[in-house]
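Working through the structure, step by step
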Amino acid sequence: MRRTHAFRYDGMREMSSRNHRLPPRLVWLIVLLACAGAIAQARFRQPNDEYQARRAKLRASADGPVVLFGYTGDEDASEVAVFFQEPSFYYLTGHDEPGAAVLLIPEALQGKAVEGPREILYLPQRDPKEEIWEGPKIGPNDPGVREKTGFATVEPIANLKDDLERLAKTYRNFYTVLPPKEGERGYPHLKNSVAMLRKYLPHAKQLDIAPALDAMRQVKSAGELALMQKAIDASVDAHFDAMRQMRPGLFEYQIAARMKEIHEWAGCSREAYAPIVGAGFDSTVLHYSALGSEIKDGDVVVIDVGGEYGGYAADITRTLPANGKFTLRQREIYDIVLGAQNAAIAAVKPGAILYGGPGSLQDIAMSYIDTHGHDLEGRTLGRYYPHGVSHHLGLDVHDPGDRTRPLEPGMVVTVEPGIYIPEENLGVRIEDDILVTKDGHQVLTARLPRTADDIEKIMAEARAQ
């Protein structure tokens, strides 16, 4: 789906040419104001029945209660921090305020019906003094709280302990999202919530609901895809603007700053990840985020920037010539990366695999890169492609789940091969977002050109204005 905004930067250029007597800043303001009505539309929560269906499906996969905690709001102590909900909790509840928990209870235990509600949302009591500073929150006793949240049963968070202890008399197994294995990085939120459950349920067995939950999250609903397309369209507009603004003498952070502004005007709540704008040697650093270098004549610039809309991420990368024209060597490497991407995208369909041997997207991209072109010493280029070709995309920019799982309709994945040659100050990555369809795939980022010729044409047209 295309977003309904009238806000497109190719349209802005057209307006500027028709209204050549208007100052450029005034044209810019007119365009931004024109999309203000679209920005005011609801852009976050989906209908209650979608979250209810997700919870029902998850309950059916477990033989014991499922307990999940939202973020507390204390994870970042900074006074300028903006609260964003824990993704899996939001996926199940659509609730975007701190301090909440959800309890999901199976329909039956060993064939016997269990009395009581099957879904309970726990909310903190409202604090009038705190709301003076942070604004009104939803409380468990508010009028209409059930209609707002989509839960038939809403209780104070203080009731959770007693409810769990009561259920422990019937159930042996309790499910939650367990922390990563020892040695893996993980947010302290999970360790804290598991420690709380162990305190409440010292004799119960804690099992991990993450595999079932992650598998659900990998297949997107129509509502999720609509939000993802809004994130993608805003990000495509930002990349178009970067192509038109790019020139030697700018700093990396200036390109990123304009892209972030475009995202926010289009309704994005934040960046999907720290923007990557790397020129020259910085283009060879995979997750470069310092953004401190001046862009020089003759550089290539890797721009890996995506916005987040309604909680859902875009993830797009383009590589641009700083002066508007690729050198012969830059174009050679660019075309190899593009060829590898085209080969991998062509393989995206139901049943395909991202990783795991011959025929996988990773194998296709690596084989292409390793059989096309050489470095300055005549060696093949596979050594300069150190990362994976793809990941799932959704509420997280690297959505969780098994990356060896065969692709299914409704999944959204990236395809992002790259070549990074530090000794040549030459890095190239091209990344697009791909929806797996019943018959193959759809490139959700198709509006943004990928070929070297098209990129040079856009940059030349911008300079001619």
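Residues numbered from 1 in each chain as written. Predicted model: local features only at pLDDT ≥ 70, side-chain atom pairs only at ≥ 80, totals over all residues. Heavy atoms only, no water.

**With respect to the sheet that holds strand 19 (residues 441–443)**
- Strand order in the open sheet formed by three strands is 15-18-19, with antiparallel pairing between adjacent strands. The open sheet has two edge strands, strand 15 (412–415) and strand 19, and neither has a second partner. For this sheet, the mean inter-axis angle between neighbouring strands, taken without regard to orientation, is 35°.
- Bridge count between strand 15 and strand 18 (residues 432–436): four bridges; the pairing is antiparallel. Within strand 18, the position partnered with Val-413 by the bridge is Ile-434. (Pairing = 2+ DSSP bridges. Helix = DSSP H or I, 4+ residues; strand = E, 2+ residues; numbered from the N terminus. Axes fitted to C-alpha atoms, helices over the stretch in contact; angles between N-to-C directions.)

**Here we look at the pattern of salt bridges**
- Going through the model one piece at a time under the given rule, you end up with 28 salt bridges.
- One continuous salt-bridge network, built from bridges that share partners, spans Arg-55, Arg-59, Glu-107, Arg-118 and Glu-119. (Salt bridge = Lys/Arg side-chain N within 4 Å of Asp/Glu carboxyl O.)

**Here's the deal with the sheet that holds strand 11 (residues 300–304)**
- If you trace the three strands from one edge of the open sheet to the other, you get 10-11-14, paired in antiparallel fashion. Only two strands of the sheet have a single neighbouring strand rather than two, namely strand 10 (276–279) and strand 14 (317–321). The mean inter-strand angle of the sheet, taken between neighbouring strand axes irrespective of direction, is 15°.
- The sheet contacts of helix 11 (residues 222–245) involve strand 11 and strand 14, and relative to strand 14 the element is tilted by about 10°. (Contact = heavy atoms within 4.5 Å.)

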